[in-house]
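Structural features, examined
Residue strings, one per chain:
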Amino acid sequence: MNKIAISGLGVVSPSGIDKRKFWANIKSGQSAVEKIERFDASRYTSRIAGHVRELDAYSNVSSRLLKKIDLFSHMALVASELAINDAGLDLSKENLERAGIFMGNAIGGWLYGETELRDLYIEGREGVSPFMASAWFPAAPQGQVSIRYGLKGYSKTIVADRASSLMAIAYAARNLNRDKNDFIIAGGMEAPVTPYALLCCQTSGVLTQQNDTPQTAYRPYDKNRDGFAIAEGAGIVIMESPERAAQRGAEVYANVIGFGTTTDGVDRIEPAEDGVQLARAITIALDNAGLKPTDIDYICLDGAATRIGDITETRAIRSVFNGHSDQLICSAPKSIYGNLLGATGAVDVITTVLAMQNDTVPPTINLNEPDPECDLNYCANTAQSREINNALVINRGRGGINCVLVLQKAG
Amino acid sequence: MNPEEALKTKFNEVLDLKPEEIVLDQPIGEAHDVDSTELVEISVGLKKDYGFQLSDNDLKKTHTFNDIVEILKTKGAT
């Protein structure tokens, strides 16, 4: 596929809001996972999460609108504003009928939804806020961003569990290749630190239970791992053709040059034991980008921190990269701030773009005793200097959804 | 609370408008960009105050603040 430029970044995460603060914290490897105190989580087996702090300091969303939207839309609005400003986009000069929004999340606005459903059962129909109708559903952030900026072009919301926002960015790139939009605001948002959302994640059996040590609990590829910690946040990027970015004098961070998606089709929660379909997604992505395995310098990993997730991901990479596997450097920076579920891919893309820009691989933290079956170079615990020209981002959703994006350094 | 004060309170709670910011004699859709869900929220709040339900015809974007106060009075709000 033709290259699509990433020309603006907006991040709202437990490791900081805005790219500079975020990158400084990611590079340092300082964990942002904490005990959940927003509600009483004492009866949950997993009671830790990455929380976004200081959102209000970055927000110019009116208090009137805040009553009508869920936290996931609020974070999307803040991240979108950061990305638009970072890209230097002057929307007054754009054809807004050619401006698209491609966003992904896995669970929708459950903080709002849960509260109103509780009121429905306690108070009856009239206890439910009319704002519920437009606050909870997964496409709400797309709608809010559209309303805020008057964007009226071809747009989509993608729901594909933890691959949602990576797919949103991939399909945004495909849409720009098809010349359906001039530019796209793409990414994802998630607000899962709520009683019901946490419960759903917990019952899937994918969350860590190392509650007494939040900062070291999320430990992908370590033999003592027992799942991931959830996190909230949003990642938004501005995407356009490199030619268009050059015409308006915008800095291009990196280009999306290919992607691949497959599904395992074996279980509603677990990925397939063999990793064959993830390997096929990697191969499709490389073919789509016109690259060979030996062209890849870095892989931003899914890092589920479940036994089957870690081992099958490693197995898939080994099968595609063969002898080059030992030259590769990989990492799961989300071990620092938690897994943002449907928003994780967008934040992974932003992390990888910043890694390329800074010639630095962010670490996988809490990796002290690697699982013998996980034998890649995971950049354990400390960031490493490394020039990255081509990189992959891997995201996997429950039930074996695989998405792989290929990024190339600009210039 | 008289109907005017009650409605000002609802406008403040739902629309974040201070009493002095409320335009009394212009359609509320034009003056304050009130949307349909906000009208429902105001209506539910008034029902809690007065015990009667305002119909869709009673609470429209084309009504002014003063129109709604009059409707409340005709329904017996004091």
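Every chain begins its residue count from 1, and numbering advances along the sequence as written. Here the convention is simple: chains get letters from A, ligands get numbers from 1, in the order in which they are written. In view of the model being predicted, local features appear only for residues whose pLDDT reaches at least 70, and side-chain atom pairs are presented and counted only at 80 or more, with totals across whole chains, interfaces and linings using the full set of residues. The side-chain numbers reported here are obtained from all heavy atoms of the structure, hydrogens and water having been left aside.

**Focus: the nonpolar core**
Residues and elements named next belong to chain A.
- Membership of the largest hydrophobic core comes to 55 residues, with the highest contact counts inside it found for Ile 6, Ile 169, Met 239, Val 349, Leu 405 and Leu 407.
- Composition of this core by domain shows at least three residues from each of domain 1 (4–248) and domain 2 (258–409).
- Any two residues whose heavy atoms approach within 4.5 Å are treated as being in contact. Ignoring anything within four residues of it in the chain, the contact list for Val 349 reads Ile 6, Leu 166, Ile 169, Val 393, Leu 405 and Leu 407.
- By convention a nonpolar core is built from buried Ala, Val, Leu, Ile, Met, Phe, Trp, Tyr and Cys residues, the set being connected through side-chain atoms within 4.5 Å. To sort residues, take the accessible area from a 1.4 Å probe on protein chains only and compare it with the maximum for the residue type: under 20% means buried, over 50% means exposed, and anything in between is partly exposed. Grouped together as the second largest cluster of nonpolar side chains are 32 residues, Ile 17, Val 52, Phe 183 and Ile 236 included. Marked domain ranges trace back to an automatic or database domain assignment.

**Considering the domain arrangement of chain A**
Residue and element names in this part refer to chain A.
- Taken domain by domain, chain A holds domain 1 (4–248) and domain 2 (258–409).
- The straight-line distance from the C-alpha centre of domain 1 to that of domain 2 is 21 Å.
- Contacts between domain 1 and domain 2 engage 65 residues on the former and 63 residues on the latter.
- Whenever Lys or Arg places a side-chain nitrogen within 4 Å of a carboxyl oxygen from Asp or Glu, that contact is recorded as a salt bridge. Between domain 1 and domain 2 we count four salt bridges in total.

**Things to note about the interface of chain A and chain B**
- Counting residues at the interface gives eight residues for chain A, matched by 16 residues for chain B.
- Here the buried area means the combined drop in accessible surface, using a 1.4 Å probe, for two parts upon being joined, counting both sides. Overall, the association of chain A and chain B removes approximately 1,000 Å² of surface from exposure, summing both partners, and the carbon and sulfur fraction of that is 40%.
- When the buried surface of chain A facing chain B is broken down by residue, Arg64(A), Glu126(A) and Pro130(A) rank first, second and third, together holding 57% of it.
- Summed over the shared surface of chain A and chain B, the number is five salt bridges.
- A 3.5 Å cut-off defines polar contacts: any pair of N or O atoms within that distance qualifies, except that in protein one atom must be a possible hydrogen donor and the other a possible acceptor, and neighbouring residues in sequence count only when both atoms are side-chain atoms. For the pair chain A and chain B, the interface holds 10 residue pairs in polar contact (both at pLDDT 80 or more).
- Three categories are distinguished: nonpolar for Ala, Val, Leu, Ile, Met, Phe, Trp, Tyr, Cys and Pro, charged for Asp, Glu, Lys and Arg, and polar for the others, with Gly belonging to the last. Of the residues belonging to the side of chain A that touches chain B, the class tally is two nonpolar, two polar and four charged.

**Description of the side chain of Lys19(A)**
- Secondary structure elements are defined from DSSP: runs of H or I of at least 4 residues count as helices, runs of E of at least 2 residues count as strands, and each element is numbered from the N terminus. Examined against the element boundaries, Lys19(A) turns out to sit in helix H1 (residues 19–28).
- Excluding residues that lie within four positions of it along the chain, Lys19(A) makes contacts with Leu9(A), Val11(A), Asp86(A), Tyr253(A) and Leu354(A).

**Remarks on helix H13 (residues 307–321) of chain A**
All names here are of chain A.
- Multiplying one less than the number of residues by 1.5 Å gives the expected span of a helix. With 15 residues, H13 ought to run about 21 Å at 1.5 Å a step, and its terminal C-alpha atoms sit 21 Å apart, in line with that.
- Burial runs high along H13: 11 of the 15 residues are buried.
- Those residues of H13 hidden inside the fold are in contact with helix H12 (276–289), strand S11 (298–300) and strand S15 (390–397).
- Looking one or two residues past H13, Asn 322 carries a phi angle of roughly 45°, positive in sign.

**Description of unusual backbone geometry**
Residues and elements named next belong to chain A.
- Within the chain, Asn 322 stands out as a residue other than glycine whose phi angle is a positive 45°.
- The residue Leu 341 is not glycine, and still its phi comes out positive at about 50°.
- By secondary structure assignment, the location of Leu 341 is in the loop between helix H14 (334–337) and helix H15 (344–358).

**Quick look at the pattern of salt bridges**
- Overall, the coordinates contain 35 salt bridges over all chains when judged by the stated rule.
- For Asp49(B), the salt bridge goes to Lys10(B), with nearest N and O atoms at 3.0 Å. Of this pair, Asp49(B) sits in helix H3 (residues 36–50) while Lys10(B) sits in helix H1 (residues 3–15); the two residues are 39 residues apart in sequence, bridging distant segments of the chain.
- Residue classification places Asp49(B) among the partly exposed positions, given a relative accessible area of 41%.
- Lys10(B) gets classed as buried once you look at its relative accessible area, which sits at 6%.
- If you follow the salt bridges from partner to partner, you end up with Arg64(A), Lys68(A), Asp35(B) and Glu38(B) in one network.

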